[in-house]
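# A look at the structure
Here is how the chains run, residue by residue.
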Amino acid sequence: MSKRSRRAAPAAVGTGAARPTVTVCRGCCCGTPKVPGLDHAAQLRELRQAVGGAATVRVTDCLDACERANVIVVQPSSVGRKAGGRPLWLGLVNDPDATADIAAWVESGGPGITEPPGILDLYAFSPSRRVRAELHDE
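A short tour of the structure in this document, coming up. (Residues numbered from 1 in each chain as written. Predicted model: local features only at pLDDT ≥ 70, side-chain atom pairs only at ≥ 80, totals over all residues. Heavy atoms only, no water.)

### So, the overall build of the chain
A tally of helices and strands in the chain yields 5 helices and 5 strands. The order of α-helices and β-strands along the chain, N terminus first, is α-β-α-β-β-α-β-α-β-α. Looking at the chain as a whole, 41% of its 138 residues are labelled buried. Intrachain contacts of the chain at a sequence separation of at least 6 include 69% that bridge at least 24 residues. (Helix = DSSP H or I, 4+ residues; strand = E, 2+ residues; numbered from the N terminus. Buried < 20%, exposed > 50% of the residue type's maximum accessible area, 1.4 Å probe, protein only. Contact = heavy atoms within 4.5 Å.)

This is the structure:
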């Protein structure tokens, strides 16, 4: 097997590139009692249920944007990326309505496919280049 065919094999499996990816921070601040008044387990459960098979939802350790806990990053599908979609970083997602808005947008296609609802502008932020590079967004 050539190196070229080995590199192509993971893409053929389609482990998530065909769908948007929703990364939920659950590090040192996000998803902890440091953000009071939110059932963090329920937030994650509801997000997973709401997007169903429309996206891959993954939990990660600290995304180093602690001042904006809880942080969620929505990354485009391969089709969305080809259409110009880029990851959208959302902070202070500490309200069930915000989680529902994110889920509805992702379910309708997410970055590059559909525009996010305007309300998500209130949560959007740009992380440092170093943080983006660590999540392989650049």
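The rest of the description comes next.
### Focus: the pairing of strand β2 (residues 56-60)
Of the strand pairs in this sheet, strand β1 (residues 21-25) and β2 are connected by 5 bridges, and their pairing is parallel. Within the sheet, the bridge partner assigned to C25 lies in β2 and is T60. In the classification by handedness, the crossover that spans β1, the intervening helix α2 (residues 40-51) and the parallel β2 is right-handed. (Pairing = 2+ DSSP bridges. Right-handed = clockwise from strand over helix to strand, strands pointing away.)

### Some thoughts on the sheet that holds strand β3 (residues 72-75)
Ordered in space as β2-β1-β3-β4-β5, the 5 strands form an open sheet in which the pairing is mixed. Two strands bound the open sheet, and with one partner strand each, they are β2 and β5 (124-125). The strands touched by α2 within the sheet are β1, β2 and β3, with β2 carrying the most contacts at an inclination of about 160°. (Axes fitted to C-alpha atoms, helices over the stretch in contact; angles between N-to-C directions.)

### A short note on the packing of aromatic side chains
Across all of its chains, the model carries 1 aromatic pair by this definition. Seen from their ring centres, W89 and F125 are 5.9 Å apart, and the 75° between their planes marks the pair as edge-to-face. Here F125 lies in strand β5 and W89 lies in strand β4 (residues 88-90), a separation of 36 residues in the sequence. For F125, a relative accessible area of 11% corresponds to the buried category. (Phe/Tyr/Trp six-rings, centres within 6.5 Å; stacked < 30°, edge-to-face > 60°.)

### What to know about the nonpolar core
Counting 19 residues, the largest nonpolar core has V22, L47, I72, L90, I102 and V106 as its most contacted members. It is helix α4 (residues 96-107) that provides the largest number of residues to this core, a total of 5 residues. I72 has contacts with V22, T23, V24, Q43, L47, L88, W89, L90, V93 and I102, leaving out every residue within four places of it along the chain. (Core = buried A, V, L, I, M, F, W, Y, C linked by side-chain atoms within 4.5 Å.)

### Observations regarding the environment of D64
Following the sequence through the fold, D64 ends up in the loop between β2 and β3. Under the relative-accessibility criterion, D64 is labelled partly exposed at 39%.

### Examining unusual backbone geometry
Here the residue pair A69 and N70 is connected by a cis peptide bond, since its omega of 0° sits within 30 degrees of zero. Structurally, the position occupied by N70 is in the loop between β2 and β3. Positive phi, close to 60°, is recorded for D64, a residue that is not glycine. We note that L92 has phi near 60°; this positive angle belongs to a residue other than glycine. Looking at the secondary structure, you find L92 in the loop between β4 and α4. Here L92 falls in the partly exposed class, since its relative accessible area comes to 45%.

### Examining the pairing of β3
Two faces belong to every sheet, and in a regular strand the side chains alternate between them. Burial of the side chains of β3 extends over both faces: I72 and V74 are buried on one face and V73 and Q75 on the other. By the bridge criterion, 4 bridges tie β1 to β3 in an arrangement that is antiparallel. For V22, the partnering residue across the bridge sits in β3 and is V74. In this sheet, β4 lies alongside β3 in antiparallel orientation, the contact comprising 3 bridges. Bridge pairing links I72 to L90 in β4.

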